[in-house]
Every structure is written in structure tokens, then in C-alpha cells.
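Examination of the molecular architecture
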Amino acid sequence: MPKVTRDDVARLAGTSTAVVSYVVNNGPRPVAPATRERVLAAIDKLGYRPDSVAQAMASRRTNLIGLVLPDARQAFFAELAHTVEQAAFEQGRLVLIGNSDYEDDRELHYVRAFLGMQVSGLVLVSQGPSERAAREIATRDVRVVLMHRQPDALGGDAVILDDVEGAYTAVRHLLDTHGFTRVDCLGGPPSTPDSGDPVTDHVTGWRRAMTERGLPTEGLLHEAPFGRFGAYQVALSLLTGPDRPRALFCSTDDQAMGVLHAAREAGVRVPDDLAVVGFDDIAEAAIADPPLTTVTSDRPGMARAAVELALEREPAAAGDPRVRTFPSTLVVRRSCGCG
């Protein structure tokens, strides 16, 4: 059978090939709903399939968005990737995902690979891209959007959360509502950057809340891996030691899940013997045992903002990156002693 072309679709739908293109590519111009329905019906009847390779060669852009994550095995990043994929789907785009595993060489590999595939935009979730990755990005005309954190090494458009305020609110809840005079904190591992990283900001919020109340923080910050398995080991040591904390703010929900498991193993009751608060509001937090008090954010809104920025064609003004900051909100459940 002869190949079905865009001209065939336009003839059957009674419209122009340009309008067919707008429907297929979901823009750049709007199409009236009735016309869109005629075009979609014609596409379905004829079995038309756009030649994405030819389109990419003509425009030097594909319908792809690159997304580089630290580790999609962690629940937070898995959920973040899903929201970005959904936002891209709404824009008629596909998402390529690469995991850096917190390694500069792997991050550089995916940045180069995705840029080489002529992606329409790149969303980068990074602890701080290496100088090589930053140089690679600077040589291309693809818009790069930083998500989750804004590394100092790479100025650019960013979609971030007010992490300091979220952590501050969570710790003040433990201090003001529950009357604790000591709140320990699980921070990140030694490799965590000193600034610009969400976990570093969580520690900053914790420290600010404690300092405002005139409470000491010396010896109460404990380094721990971001994931639940490493945090479990750290928590087990804390909870079976001579100076067991009564309240613990965890910089990630994955860490908090590890703490809950360690508490059960150590015979420490949550929240009777230990109040636990996390950060991220992963889906599992609501059904943890007990349900986890944590800090949430509008992840779908953040994902839509990141995708919209990544697909913008207007170049960003030199030295004037756009940063969209989303608020954080405390979700109170039983692990802190409420309810």
C-alpha cells in the first residue's frame, strides 16, 4: 500500500497540511476543537503515522525531552520522573530518562547523549553538574531546566521548592506543638554539597528552628545516606545507643522509612517513644506504620513548569535565569504524635 502522507490527511479532513501539523505536534498554533476532531478522525481512518525522523532532521529538534536523575530507584525521584513524563505527555512529547547514580561521569554521559539526540529540552536533577557537563551544556542551544535544586555551578532556568521553609515548619511543629526541647536531624552523607542542595537546605531549616528557640544543635546532626537502607543502619545505631533521641527530623522520606523499620527492630515505639518527621511526601508515607508526618509540594505543578520552560523557544536573557519557587506544606500524620 502507498504510504499515507500529511497531504492525504488534509484532503480527507478538508483542511490544510499546516493545520494537520499543528494537531500532530500539539502546536505551535491552536486548532479549533471541531477541526482538531476532523483531523484526528482522518488520521485514524487513514492510519497516518508521522515520520518523526524526518521531522527531526528538518527542524533539528525531536519531540523528546531528556531527564537526568540521580537515582530513579529512590521513591521520590521515581515519582518526580512520573510527573515529568505526565507533563511531557500533555505536551505531546516523549521523555528519555538517565540515572547519574550521583556520578559526574555518568551525568556527563547522559547530558552528551541526550543533546546529541537533538532533544527539544533537557531537565536536569543534579547535585551539581561537573565543569565538563556545564561546558557541554553551554555549547548547545537547547534550553536546560534545573529541577529540585539550583546548583551554583550552572546558572539557568530552575524549578525548585522552598526547602528551608518546609524543614523549618516541620521542626517547629515538633518544638511548638509537641513540646520537644531536643530534635535530632538525619542529614545527608559527607558528599552532600555545602550549599544549594535540598538536603543541605533541610538541615538549614532544622538548625534555624532550633536556634530561634535557643536550643543547641551540637552533636544532633547525623550523617546518613539518602536511601532507606543506609538510613536504617544509622538509625539502628542511634536508637540502640546510650543517648537515644526522642524526636527525629529526617531530610528525606526514604530516610524516615528506614528509621521506622529500625525503630520496630529496636523495640522503640513510634510515636510514643520516638517522634519521626520526614520530607518529600512520597506515596508510601500515607500508608507507613504509623503514617508519616512529612513535607509535601505540588510536584505535578513543578513538573509542568519544568517542561514548559524546557520547551520554550525564546532564548533566556543573558545572566537572567528564570527561577520558579514552589511553596512547601506540612502534612500532619501520626508519626509525630498527632492524631
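Here is a short report on the structure shown in this document. Computed from a predicted structure; not experimentally measured.

What counts and how
- Residues numbered from 1 in each chain as written.
- Predicted model: local features only at pLDDT ≥ 70, side-chain atom pairs only at ≥ 80, totals over all residues.
- Heavy atoms only, no water.
- Helix = DSSP H or I, 4+ residues; strand = E, 2+ residues; numbered from the N terminus.
- Buried < 20%, exposed > 50% of the residue type's maximum accessible area, 1.4 Å probe, protein only.
- Contact = heavy atoms within 4.5 Å.
- Areas by Shrake-Rupley, 256 points an atom, 1.4 Å probe, with all protein chains shown as cover.
- Phe/Tyr/Trp six-rings, centres within 6.5 Å; stacked < 30°, edge-to-face > 60°.
- 1 Å grid on protein atoms, 1.4 Å probe; cavity = no way out; pocket = protein on both sides within 12 Å on 5 of 7 lines; lining within 4 Å.
- Points joined across faces, edges and corners; volume = space filled by probe spheres on them.
- Pairing = 2+ DSSP bridges.
- Right-handed = clockwise from strand over helix to strand, strands pointing away.
- Lys, Arg positive; Asp, Glu negative; His and termini not counted.
- Salt bridge = Lys/Arg side-chain N within 4 Å of Asp/Glu carboxyl O.
- Polar contact = N/O pair within 3.5 Å; in protein donor to acceptor, adjacent residues only side chain to side chain.

Let's shift gears to the overall build of the protein chain. Check the secondary structure of the protein chain and you find 12 helices and 12 strands. When each of the 339 residues of the protein chain is scored for burial, the buried share is 51%. A separation threshold of at least 6 residues defines the contact pool for the protein chain, and within that pool the share at least 24 residues apart is 71%. Of the accessible surface of the protein chain, which amounts to about 16000 Å², a share of 52% is contributed by carbon and sulfur atoms.

This paragraph deals with the packing of aromatic side chains. On inspection of all chains with the given rule, the structure shows three aromatic pairs. Each ring, one from F76 and one from F77, has its centre 5.3 Å from the other, and the planes form 70 degrees; the classification is edge-to-face.

Another aspect to go through is empty space enclosed by the protein. Here the idea is plain: a probe the size of a water molecule rolls over the atoms and shows the empty space left. Tallied over the full model, the rule gives one cavity of 30 Å³ or more. As a volume, the largest cavity reaches approximately 300 Å³. Around the largest cavity sit 27 residues that line it, and F76, F77, H148, P198 and D280 are the ones nearest its centre. Looking at the lining of the largest cavity, the elements with two or more residues in it are α5 (75–90), α9 (198–212), β10 (294–296) and α12 (299–311).

The sheet contact formed by strand β1 (residues 64–69) and strand β2 (residues 94–99) spans six bridges and is parallel. When the sheet's bridge partners are listed, V68 is paired in β2 with G98. Handedness of the crossover joining β1 and β2 through α5: right-handed.

With omega at 10 degrees, the peptide bond leading from V270 into P271 counts as cis. Residue position: P271 is located in the loop between α11 (253–266) and β9 (275–277). For the bond from D289 to P290, the omega torsion is -5 degrees, close enough to zero to count as cis. Here P290 lies in the loop between β9 and β10. Unusually for a residue other than glycine, Y102 sits at a positive phi of about 60 degrees. Relative accessible area serves as the criterion here: at 30%, Y102 is assigned to the partly exposed category. Although it is not a glycine, Q118 adopts a positive phi angle of roughly 60 degrees. Among the structural elements, Q118 can be located in the loop between α6 (104–116) and β3 (121–124). On the basis of relative accessible area, Q118 is assigned to the partly exposed category, the value being 27%.

A word on the pairing of strand β5 (residues 157–161). When you tally the buried positions in β5, you get five out of five residues, the bulk of the element. Side chains of β5 alternate between two faces, with D157, V159 and L161 and A158 and I160 buried alike. Across three bridges, strand β4 (residues 143–147) lies against β5 in parallel orientation. Of the residues in β5, the one forming a bridge with M147 is V159. Summarising the sheet, β5 and strand β11 (residues 323–326) pair through four bridges and their orientation is parallel. Residue pairing across strands places L161 opposite F326, the latter belonging to β11.

Within the secondary structure, D253 is located in helix α11. The side chain of D253 is buried and forms no salt bridge, while R333, the nearest opposite charge, is found at 6.1 Å. In this structure the side chain of D253 is engaged in a polar contact, spanning 2.7 Å, whose partner is the side chain of T294. Ignoring any residue separated from it by four or fewer positions in sequence, one finds D253 in contact with G278, F279, D280, D281, I282, A285, L292 and T294.

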